[in-house]
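So you can see what is in the structure, the chains are spelled out below.
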Amino acid sequence: MAKWGEGDPRWIVEERPDATNVNNWHWSEKNASGWSIEKLKSLFEGMNIEEPGLGIITIKELTKCEGEATASNRKGKLIFFYEWVLHLDWTAVLFENPEKDVKGSIEIPNLSEENDPDEIDVNITVSAGGSDGDKVKEFLRKKGTSNIRKKLGEYIETLKKEYAVDLIKPTKGQAVVKENKTHISPTRTDNSFSSNVMNTTNNIEKMGLGCKISTSKICTNHTFKCTADELYRALTQREMVVAFTRGDVKLEVEKGGKFEFFGGNISGEFESLEPNKQIVQKWRFKSWPSGHYSTVTMDIVQRNDCTELQLSQTGVPSNEVEKTKEGWRNYYWESIKRTFGFGAILL
């Protein structure tokens, strides 16, 4: 046995207080397949892609997800392997003919580490809708594929930056902590993905790598050609919310009441309600870090010839600001104006 200080440094346990994987020398590996399936479902199911003048395309379900993913550590270097074949079902609501049945599927045959997101194939097919279905297919083929590839890029980035972080063990000078064990259930439950993200976040924080979320504030004003009462009801009356979101919603309009829109992609609860004047919500997007909420304050102001909505949103993850602004604009305000005619000139 070598004397203290004379051995191969990779084996010197003083560099790891718990004597586990000293200096990150040994190969360690995590099976990321279960986590990946849940992540891909959360990214795609309920995703909306809107084309002005055509309609809103919604990805309803990830019907096929075949493949595997692993994250490995060797000598402190993270190595990733993932290879997936995905099949997604979509439906479309056309602005000119919302009752028409238009639907199809999307196949992604080569999601792997060998391809950058913009190189991944996205194949579009139509199963119902006739000529209107062909229009939707053409839109998805030319423009919608960029939205889909962006989501695939989010999966890859999260796999590399969040899921695998606890493979790198703390060395000398770092506190030894008991790491949370992430349990991947073989069947999907409503909070399995949230639990995985929370465990990963805890690991990052305990290891001293830093997980503080950088946040920003959004302030926007919008005018509607309607009364304050009409706008308030559009935001709080179930039938009207279903109409402008074009899907089923969960809506408990009371202090502490929960809400879920767009297939669960938007969720939160009401903190306070003042009819025709103000709505305050805890509000989050599904892809945000688990447990992180922003605070949304909507002040409704009646003007002489219109109603002004003043929105203030604090606690928005800084890398989500533009996406959040675009979502409010496209899926709330513009949709409300189109659906109820609140953008028309009052006579």
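Scroll up to find the structure.
Definitions and cut-offs
- Residues numbered from 1 in each chain as written.
- Predicted model: local features only at pLDDT ≥ 70, side-chain atom pairs only at ≥ 80, totals over all residues.
- Heavy atoms only, no water.
- Axes fitted to C-alpha atoms, helices over the stretch in contact; angles between N-to-C directions.
- Helix = DSSP H or I, 4+ residues; strand = E, 2+ residues; numbered from the N terminus.
- Parallel < 35°, antiparallel > 145°, perpendicular 65-115°, else oblique.
- Contact = heavy atoms within 4.5 Å.
- Pairing = 2+ DSSP bridges.
- Buried < 20%, exposed > 50% of the residue type's maximum accessible area, 1.4 Å probe, protein only.
- Expected span 1.5 Å × (residues − 1).
- Polar contact = N/O pair within 3.5 Å; in protein donor to acceptor, adjacent residues only side chain to side chain.
- Phe/Tyr/Trp six-rings, centres within 6.5 Å; stacked < 30°, edge-to-face > 60°.
- Lys NZ or Arg CZ within 6 Å of the ring centre and 35° of its normal.
- Salt bridge = Lys/Arg side-chain N within 4 Å of Asp/Glu carboxyl O.

### Considerations on the packing of helix α5 (residues 238-245) against helix α6 (residues 321-340)
Contact geometry of α5 with α6 gives a least axis separation of 8 Å together with a crossing angle of 105°. For the element pair α5 / α6, the angle class is roughly perpendicular. Residues M240, A243 and F244 of α5 touch α6, and the partners they reach there are Y331, Y332, S335, I336, T339 and F340.

### Here we look at the sheet that holds strand β13 (residues 307-317)
Pairing in this open sheet of seven strands is antiparallel, and the strands run β7-β13-β12-β11-β10-β9-β8 from one edge to the other. The sheet terminates laterally at β7 (215-224) and β8 (250-251), the two strands that pair on one side only. With six bridges joining them, strand β11 (residues 278-285) and strand β12 (residues 294-302) adopt antiparallel strand pairing. Bridge pairing in β12 links Q278 to D299. Set on the sheet, helix α4 (residues 228-236) makes contact with β7, β8, β10 (266-274), β11, β12 and β13; between it and β12 the angle comes to about 155°.

### A closer look at the pairing of strand β5 (residues 102-112)
In terms of burial, β5 is largely enclosed, as eight of its 11 residues are buried. Here strand β4 (residues 77-94) pairs with β5 via nine bridges, running antiparallel. Considered in β5, the bridge of L88 is made with I106. As paired elements, β5 and strand β6 (residues 123-128) share five bridges and run antiparallel to each other. Paired with S105 across the bridge in β6 is T125.

### Examining helix α1 (residues 33-44)
With 12 residues, α1 should cover 16 Å at 1.5 Å per step; its first-to-last C-alpha distance of 17 Å lies within 8% of that length. Of all 12 residues making up α1, 10 are buried, and the element is well covered by its neighbours. Among all positions in α1, only S33, W35, S36, E38, K39, L40, K41, S42, L43 and F44 are buried. G46 occupies a position one or two residues after α1 and carries a positive phi of about 90°.

### Re the side chain of S36
The topology assignment puts S36 in helix α1. Residue classification places S36 among the buried residues on the basis of a relative accessible area of 0%. One polar contact links S36 to Y155, side chain to side chain, over a distance of 2.8 Å. Beyond its immediate chain neighbours, meaning those up to four positions away, S36 contacts A69, W84 and Y155.

### Details of the packing of aromatic side chains
On inspection of all chains with the given rule, the structure shows 16 aromatic pairs. When the ring of F259 is compared with that of F261, the centres are 5.4 Å apart and the planes differ by 35°; the resulting orientation is tilted. Residues F259 and F261 agree in their burial class; the two are buried. The rings of F224, F244, F259, F261, F262, F270, W283, W288, W328, Y331, Y332 and W333 are connected pair by pair, giving a single aromatic cluster. Between the NZ or CZ atom of K282 and the centre of the ring of Y293, over which it lies, the distance is 4.7 Å.

### What about the pattern of salt bridges?
Scanning the entire structure with this criterion turns up 11 salt bridges. E66 serves as the salt-bridge partner of K64, at 3.9 Å between the closest nitrogen and oxygen. Overall, the relative accessible area of 31% leaves K64 in the partly exposed class. A residue is classified by how much of its surface remains accessible, and E66, at 48% relative accessible area, is partly exposed. The salt bridge involving E138 is made with K142; its shortest N-O contact spans 3.4 Å. Here E138 pairs with K142, and both are found in helix α2 (residues 130-163), just four residues apart, close to one helical turn. Since its relative accessible area comes to 32%, E138 is described here as partly exposed. A residue is classified by how much of its surface remains accessible, and K142, at 59% relative accessible area, is exposed.

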